[in-house]
Amino acid sequence: MATAARKTNWFAIWVSAGVVAVLVGVIAVVAVLNTRATDPGPVPQAGGINRETGAITFGDGPDKVATYVDFMCPYCGQFEETEGKTISGLVDDGSITLEVHPVTILDRLSQGTEYSSRAASAMYAVAEADPDNAYAFFRALWDKRPEEQTPGLTDDELIQLAKDSGVNVTAALEKSITDGEYKTFAQQQQLPEGATGTPTLMVNDTLVPVTYDPETDIVANLTSR
């Protein structure tokens, strides 16, 4: 007596195939997101930019002062207003090496324009293209710091600000600023361990509470003076 032919359960096969396809899709999406989270994008190559820490270096003095700033941060603007001249003088007289770390924690406060990231990208672009005038551009960004909850400066305004700061703005530099070439790199930068916001100040690798008094915050913590 012949046995009945086994019926193929095509519905179960289709369901299984669909589940596998969905899982493969999810894995692919996760892989892309992970890559985006870890891929820094184009990385500036200038010698004055640390490609691992994101620090832009000015001066070569024996003491190290590191600042972590967001170009839309009002407290960073206050820090630059009260301590910037002292820091600039210490760079100029050879007392300190200044490491500026642009961070982008306030993008959410620029009405969708990602001003913090665009300004940081422009800062990296200028430091890459014209390091001799990058510090002047850095100071100018504070003179023109936009208020929170505004769009901030446009790319064209950032380019004009660079020109007004004495930066040699070439067509390549304009394109770098307009394209946001280093936005992803800037967005990868983080505050140091123990920091709670911007501005963050470190002197000789030690976190220093910001009091907006340069004598207390910086000068008193230098070892070479």
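Residues numbered from 1 in each chain as written. Predicted model: local features only at pLDDT ≥ 70, side-chain atom pairs only at ≥ 80, totals over all residues. Heavy atoms only, no water.

Asker: What is the right way to read the overall build of the chain from this model?
Answerer: Per the secondary structure count, the chain includes eight helices and five strands. Starting at the N terminus and walking to the C terminus, you meet the elements of the chain as α-β-β-α-β-α-α-α-α-α-β-β-α. Looking at the chain as a whole, 43% of its 225 residues are labelled buried. Taking the contacts inside the chain whose residues are at least 6 apart along the sequence as the reference set, 75% of them involve residues at least 24 apart. (Helix = DSSP H or I, 4+ residues; strand = E, 2+ residues; numbered from the N terminus. Buried < 20%, exposed > 50% of the residue type's maximum accessible area, 1.4 Å probe, protein only. Contact = heavy atoms within 4.5 Å.)

Asker: Can you walk me through the environment of P146 in this structure?
Answerer: Examined against the element boundaries, P146 turns out to sit in the loop between α4 (134-143) and α5 (155-164). Linking P146 and M72, residues 74 residues apart in sequence, is a C-alpha distance of 6.1 Å. In this structure, P146 is in contact with F71, M72, Y115, G152 and L153, ignoring residues within four places of it in sequence.

Asker: Looking at this structure, I do not really get the packing of helix α3 (residues 115-129) against α4. What am I missing?
Answerer: When two helices pack together, their arrangement is given by the angle between the helix axes and the distance between those axes. Direction vectors running N to C along α3 and α4 enclose 160 degrees, while the axes themselves pass 9 Å from each other. If you check the angle between α3 and α4, you find them roughly antiparallel. As for how α3 packs across α4, the hand of that crossing is right-handed. Facing Y115, A119, A122, M123, V126 and A127 of α3, the residues of α4 in contact are A134, F137, F138 and L141. For the contact of α3 with α4, the per-class residue count stands at ten nonpolar, no polar and no charged. (Axes fitted to C-alpha atoms, helices over the stretch in contact; angles between N-to-C directions. Parallel < 35°, antiparallel > 145°, perpendicular 65-115°, else oblique. Left-handed = near helix turned anticlockwise from the far one by under 90°. Nonpolar A, V, L, I, M, F, W, Y, C, P; charged D, E, K, R; others polar.)

Asker: Mind showing me how you'd approach the packing of α4 against α5 here?
Answerer: Where α4 contacts α5, the two axes come as close as 9 Å, and the packing angle between them is 125 degrees. Classed by the angle they form, the pair α4 and α5 counts as oblique. Crossing of α4 over α5 shows right-handed handedness. On the side of α4, the interface is formed by F137, A140 and L141, while α5 contributes L158, L161 and A162.

Asker: Help me understand the nonpolar core in this model?
Answerer: Note that soluble globular proteins tend to have their nonpolar side chains buried in a common cluster. In this structure, F58, L98, M123 and F137 are the most contacted members of the largest nonpolar core, which totals 52 residues. Top contributing element to this core by residue count: α3, with nine residues. With residues up to four places along the chain from it excluded, the contact list for M123 reads I56, F58, F71, P102, A134, F137, F138 and L141. (Core = buried A, V, L, I, M, F, W, Y, C linked by side-chain atoms within 4.5 Å.)

Asker: Explanation requested: α3 in the structure shown.
Answerer: Given 3.6 residues per helical turn, the α-helix brings residues three or four places apart onto the same face. Taking 1.5 Å per residue as the helical rise, α3 with its 15 residues ought to reach 21 Å, and the 21 Å between its terminal C-alpha atoms agrees with that figure. Taking burial as the measure, the 15 residues of α3 include 13 buried ones, the bulk of the element. (Expected span 1.5 Å × (residues − 1).)

Asker: What is the right way to look at the side chain of T198 in this model?
Answerer: Position of T198 relative to the elements: it lies in the loop between α7 (183-187) and β4 (200-203). Residue T198 is classed as buried on the basis of its relative accessible area of 12%.

Asker: Would you explain the packing of aromatic side chains in this entry?
Answerer: Aromatic ring pairs are reported here in terms of the distance separating the ring centres and the angle at which the planes meet. The final tally for this structure, using the stated rule, is six aromatic pairs. Geometrically, the ring pair formed by Y135 and F138 is stacked, given 5.7 Å between the ring centres and 20 degrees between the ring planes. On the criterion of helical spacing, the pair formed by Y135 and F138 is a turn pair, its members being three residues apart in helix α4. Look at F138 and W142: their rings are 6.0 Å apart centre to centre, the planes differ by 85 degrees, and that puts the pair in the edge-to-face class. (Phe/Tyr/Trp six-rings, centres within 6.5 Å; stacked < 30°, edge-to-face > 60°.)

Asker: I keep staring at unusual backbone geometry and nothing clicks. Help me out?
Answerer: Most peptide bonds take the trans form, and the phi angle of most residues other than glycine is negative. In this structure, P199 follows T198 across a cis peptide bond, with omega equal to 0 degrees. As for its placement among the helices and strands, P199 is situated in the loop between α7 and β4. Backbone geometry at Q149 places phi at a positive 65 degrees, although glycine is not the residue there. The residue Q149 is located in the loop between α4 and α5 in this model. Phi angles above zero are rare outside glycine, and N204 is one such case at about 50 degrees. Position of N204 among the secondary structure elements: in the loop between β4 and β5 (206-208). What makes N204 partly exposed here is its relative accessible area of 25%.

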